[in-house]
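An overview of the molecular structure
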Amino acid sequence: MQFFVDTADVEEIRSLAETGMLDGVTTNPSLIMKAGRPMADVIAEIAGIVDGPVSAEVTAIETAQMIAEGRRLAEIAPNVAVKLPLTWDGLKACRALTADGHMVNITLCFSSAQALLAAKAGATFVSPFIGRLDDLGLDGMKLIEEIRTIYDNYEELQTEVLAASIRTTNHVQLAALGGADIATVPPAILTKLIQHPLTERGLEQFLADWKTSGQSIL
Ligand code: E4P
């Protein structure tokens, strides 16, 4: 499974990239707003830190304008994936941009029927939003499983399932179990994935016993 980080904070991305675990980055207009800097500068900087796909989202809502914005965003760096909303206009823009050879991430996916359309439109990635479904008392993880099953039923559907709107470490584990190809994870959750109290306790014990033994390896 690949890990993307869901942030436009360049310093956080730089520090996570050092772990060797980072396969890509996703941003959205809200995250760009939080970064408080021009979008083109932020995306260019991120694309220089991470080799993998960096999603940059259009804000137009009509196909021709989406295509124009998408082409502009894709010019920033070869690893930019143009992010488009799951609307008919977005799907038409997806066809045009993938025909140009650009990666496209179809975002705001909340049903397996929508995911089927995204794949038929040739999307590189589809982003089902787990957390926002859970917020409504629905089952975000069931959506991941449904999409996986549908895509696996049809060899021609090659879109990658990018589990998004992840809120907990358990979401990451369940997305992996459910067959998501990628999880895009907020930095704080990505950092937490390594934590387990038994690992910490076990290490303390080993170090204490080693000290008692009076030995040294080097
Ligand atoms: C995905 O690409 C989105 O940027 C993101 O995962 C949305 O997450 P949220 O529901 O926590 O805002």
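See the structure shown above.
Please read these numbers as outputs of a predicted model, since none were measured by experiment.

Some words on the overall build of the chain
Looking only at helices and strands, one finds 11 helices and eight strands in the chain. Across its three principal axes, the chain shows a C-alpha extent of roughly 70 × 40 × 30 Å. Burial statistics for the chain: of 218 residues in total, 44% are counted as buried. By sequence separation, contacts in the chain at least 24 residues apart represent 56% of the contacts at least 6 residues apart. In the chain, the 16 positive side-chain charges and the 28 negative ones have mean positions that sit 3 Å from each other.

Quick word on the site of the ligand
Taken together, the neighbourhood of the ligand is formed by Asp6, Thr26, Asn28, Lys83, Phe129, Arg132, Ala164, Ser165 and Arg167. Interatomic distance of 2.8 Å between a side-chain N/O atom of Asp6 and an oxygen atom of the ligand. Taking Ser165, its side chain carries an N or O atom lying 2.7 Å from an oxygen atom of the ligand. In terms of residue class, the shell around the ligand is built from two nonpolar, three polar and four charged.

Looking at the sheet that holds strand E3 (residues 54-57)
Strand order in the closed barrel formed by eight strands is E1-E2-E3-E4-E5-E6-E7-E8, with parallel pairing between adjacent strands. Going across the sheet, the axis of each strand differs from the next one's by a mean of 30 degrees, ignoring polarity.

Examining the packing of aromatic side chains
Inspection of the entire model under this criterion finds two aromatic pairs. Geometrically, the ring pair formed by Phe4 and Phe125 is edge-to-face, given 6.0 Å between the ring centres and 80 degrees between the ring planes. Here Phe4, found in strand E1 (residues 2-6), pairs with Phe125, found in strand E6 (residues 125-128); they are 121 residues apart in sequence, far enough to count as distant. Pair check on accessibility: Phe4 and Phe125 agree, each one buried.

Observations regarding helix H6 (residues 112-120)
Taken together, the buried positions of H6 are occupied by Ser112, Ala115, Ala118 and Ala119. Viewed end-on, H6 has its buried residues packed into an arc of 105 degrees, placing them on one side of the element. Contacts made by the buried residues of H6 are with helix H5 (88-99), strand E5 (103-109), E6 and helix H8 (140-153). Following H6 by one or two positions, Gly122 has its phi on the positive side, about 85 degrees.

Structural notes on the environment of Ile166
With respect to the secondary-structure elements, Ile166 resides in the loop between strand E7 (160-163) and helix H9 (169-177). Using a relative accessible area of 3% as the deciding quantity, one classes Ile166 as buried. Taking the C-alpha atoms as reference points, Ile166 and His196, 30 residues apart in sequence, are found 19 Å from one another. Not counting the four nearest positions on each side in its chain, Ile166 is found in contact with Ile130, His171, Val172, Ala183, Thr184, Val185, Pro186 and Ile189.

Notes on the nonpolar core
One broad trend across soluble globular proteins is that nonpolar side chains are buried collectively. Residues Leu84, Ile106, Tyr151 and Ile166 are the most contacted members of the largest nonpolar core, which totals 59 residues. In terms of residue count, the dominant contributor to this core is H8 (five residues). Setting aside chain neighbours within four positions, we find Tyr151 in contact with Ala115, Leu116, Ala119, Val126, Leu157, Thr159 and Val161. Among the nonpolar cores identified, the runner-up in size contains five residues, and Phe4, Ala81, Phe125 and Ile182 belong to it.

A short note on the packing of H6 against H8
Interhelical geometry of H6 versus H8 gives an angle of 40 degrees and a closest axis separation of 9 Å. With respect to each other, H6 and H8 are oriented oblique. Between H6 and H8 the crossing geometry is right-handed. Contacts between H6 and H8 involve Ser112, Ala115, Leu116 and Ala119 from the first element and Leu143, Glu146, Ile147, Ile150 and Tyr151 from the second. Taken together, the residues that form the contact of H6 with H8 break down as seven nonpolar, one polar and one charged.

Each value, and the rule that gives it
Residues numbered from 1 in each chain as written. Predicted model: local features only at pLDDT ≥ 70, side-chain atom pairs only at ≥ 80, totals over all residues. Heavy atoms only, no water. Helix = DSSP H or I, 4+ residues; strand = E, 2+ residues; numbered from the N terminus. Buried < 20%, exposed > 50% of the residue type's maximum accessible area, 1.4 Å probe, protein only. Contact = heavy atoms within 4.5 Å. Lys, Arg positive; Asp, Glu negative; His and termini not counted. Charge placed at Lys NZ, Arg CZ, Asp CG, Glu CD. Near = heavy atom within 4 Å. Polar contact = N/O pair within 3.5 Å; in protein donor to acceptor, adjacent residues only side chain to side chain. Nonpolar A, V, L, I, M, F, W, Y, C, P; charged D, E, K, R; others polar. Pairing = 2+ DSSP bridges. Axes fitted to C-alpha atoms, helices over the stretch in contact; angles between N-to-C directions. Phe/Tyr/Trp six-rings, centres within 6.5 Å; stacked < 30°, edge-to-face > 60°. Arc of directions from axis to C-beta. Core = buried A, V, L, I, M, F, W, Y, C linked by side-chain atoms within 4.5 Å. Parallel < 35°, antiparallel > 145°, perpendicular 65-115°, else oblique. Left-handed = near helix turned anticlockwise from the far one by under 90°.

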